[in-house]
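The primary structure of each chain is shown beneath.
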Amino acid sequence: MALTDKRIGFIGAGAMGSALINGLLKAGLVTPDQIYAADIHRERLLAWQEKMGIHACADNGEAAAAADILVLAVKPQAMEEVLEEIRERVNGDKLIISIAAGITTTLIETFLPGVPVIRAMPNTPCLVGAGATAMCLGKYATTAHETMAAAIFGAVGTAVTVKENLMDAVTGLSGSGPAYVYIMLEALADAGVRVGIQRDIAMTLAAQTMLGAAKMVLETGEHPGRLKDMVTTPGGTTTAGIYALEEGGLRVTLMNAVMAATRRAQEMSAGQK
Ligand SMILES: NC(=O)C1=CN([C@@H]2O[C@H](COP(=O)(O)OP(=O)(O)OC[C@H]3O[C@@H](n4cnc5c(N)ncnc54)[C@H](O)[C@@H]3O)[C@@H](O)[C@H]2O)C=CC1
Ligand SMILES: O=C(O)[C@@H]1CCC=N1
C-alpha cells in the first residue's frame, strides 16, 4: 500500500523508533520529508535530522499535530505522560500506533477517546528489513487502519495480526526474541573459538548458520524436527552435539525465557512498573 501522501510521526527515536525510521527509509516506503520525529534527547534527534533529512520536531505535540500516522515508541513508563501531552493534538482522523510493551489499546483510548489505535510489537531486525511484528486493533481501528499498519511493518519484515490477549505472549517470543538469539550466537562463536577457529570467521559461520536454518524453515515449510533429522547422520557428529544440548536443557531453558518475558509483559499490562 502506498503511503506517499501520509506523514508519519514518531514520539521516541531510541533503539526501536530509530530502527523503524531507518528500516522504512531503506525500504523506500516513505521519503525523509514524510517523517516527523520528537524525542527528549534533542541532540541525537538534531543529528538524525542533519544525517537523514527527517523533520526534528520541537516537542511531542508538534509531532502529533503534524502526523497522519503517529508511532508511539517511548518506554512504557513514559507513555501516560506522553498521552497526556498529545491528547489535545490528536483526533479521530489520525492513526495511533503504539509499540510499547504492556500498554493496552484500552489505556490509550482512555486518554484519546474515539481515536483509532493499533498496538504493535515489532523487533529490532526491522532495521535490516527482517523484523517480525504482531499487531492488534483497538476499538476504533478499521481494516483500512490495519492495512496502513501492515504496510509499515510489512515494509520492514513480516507482519501478522493477532487478538490483543496474545500481545504479551508475542512480546515474550518475537519482541524480546532477538536478544535470546544474540546470546546463542555469541555462545556459538565463543565455542568456535574454543575449538580453534578465528573469532571473525567463527561469528560469520555461526550467524550464517542461524540465518540459513531459519530460512529453511520459512521457505520450505518443513517441520524443524524433520530438517534437524536431515542434518543428523547416524553415529555422526550432529547426534553427539544434540545429546549435549539436551543434557544442558536448551529446549526448556528457551521455553522458560519466553514464559518469563511473557509474565513480565503481563505484569506491565497490569500496571506494575
Ligand atoms: N528495543 C526493542 O527491541 C523493542 C522495544 N519495544 C518498545 O519500544 C519502546 C521503546 O523502546 P526502546 O526503543 O528500546 O527504548 P529507548 O530507551 O532506546 O528509546 C526510547 C526513546 O524515547 C525517548 N523518550 C523518553 N521519554 C520521552 C518523552 N517523554 N517524550 C519523547 N521522547 C521520550 C528517549 O530519549 C529515547 O530516545 C518501548 O515501549 C518498548 O517496550 C517494542 C519492541 C521491541
Ligand atoms: O525489553 C523490553 O521490554 C522491550 C519489549 C520487547 C523488546 N524489548
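Procedures and definitions
Residues numbered from 1 in each chain as written. Chains lettered and ligands numbered in written order. Predicted model: local features only at pLDDT ≥ 70, side-chain atom pairs only at ≥ 80, totals over all residues. Heavy atoms only, no water. Domains from an automatic or database assignment. Contact = heavy atoms within 4.5 Å. Salt bridge = Lys/Arg side-chain N within 4 Å of Asp/Glu carboxyl O. Polar contact = N/O pair within 3.5 Å; in protein donor to acceptor, adjacent residues only side chain to side chain. UniProt positions renumbered as here; feature names shortened; annotations may be inferred. Helix = DSSP H or I, 4+ residues; strand = E, 2+ residues; numbered from the N terminus. Near = heavy atom within 4 Å. Areas by Shrake-Rupley, 256 points an atom, 1.4 Å probe, with all protein chains shown as cover. Nonpolar A, V, L, I, M, F, W, Y, C, P; charged D, E, K, R; others polar.

Engineer: Which residues make up the domain arrangement of the protein chain, and what values do they have?
Structural biologist: The domains assigned to the protein chain are domain 1 (8-164) and domain 2 (177-268). Domain 1 and domain 2 are separated by 32 Å when their C-alpha centres are compared. At the junction of the two partners, domain 1 supplies six residues and domain 2 supplies four residues. For the interface between domain 1 and domain 2, the tally reads zero salt bridges. Counting across the interface, domain 1 meets domain 2 through zero residue pairs in polar contact (both at pLDDT 80 or more).

Engineer: Please give an account of the UniProt feature "domain: Pyrroline-5-carboxylate reductase dimerisation" (unreviewed entry) in the protein chain that cites residues and values.
Structural biologist: Per the UniProt annotation, the sites labelled "domain: Pyrroline-5-carboxylate reductase dimerisation" (unreviewed entry) are residues 164-268. A distance of 14 Å separates the end C-alpha atoms of residues 164-268, which is 83% helix and 0% strand.

Engineer: Explain the site of ligand 1 to me, and be specific about the residues and the numbers.
Structural biologist: The local shell around ligand 1 holds 23 residues, among which Ala15, Met16, Asp39, Arg44 and Val74 are the closest. The separation between an oxygen atom of ligand 1 and a polar side-chain atom of Arg44 is 2.5 Å. Look at ligand 1: alone it shows 820 Å² of surface, and the protein chains cover 81% of it. At the level of elements, α1 (15-27) and α4 (79-86) are the ones that each hand at least two residues to the shell around ligand 1. Grouping the amino acids of the shell around ligand 1 by side-chain chemistry returns 14 nonpolar, five polar and four charged.

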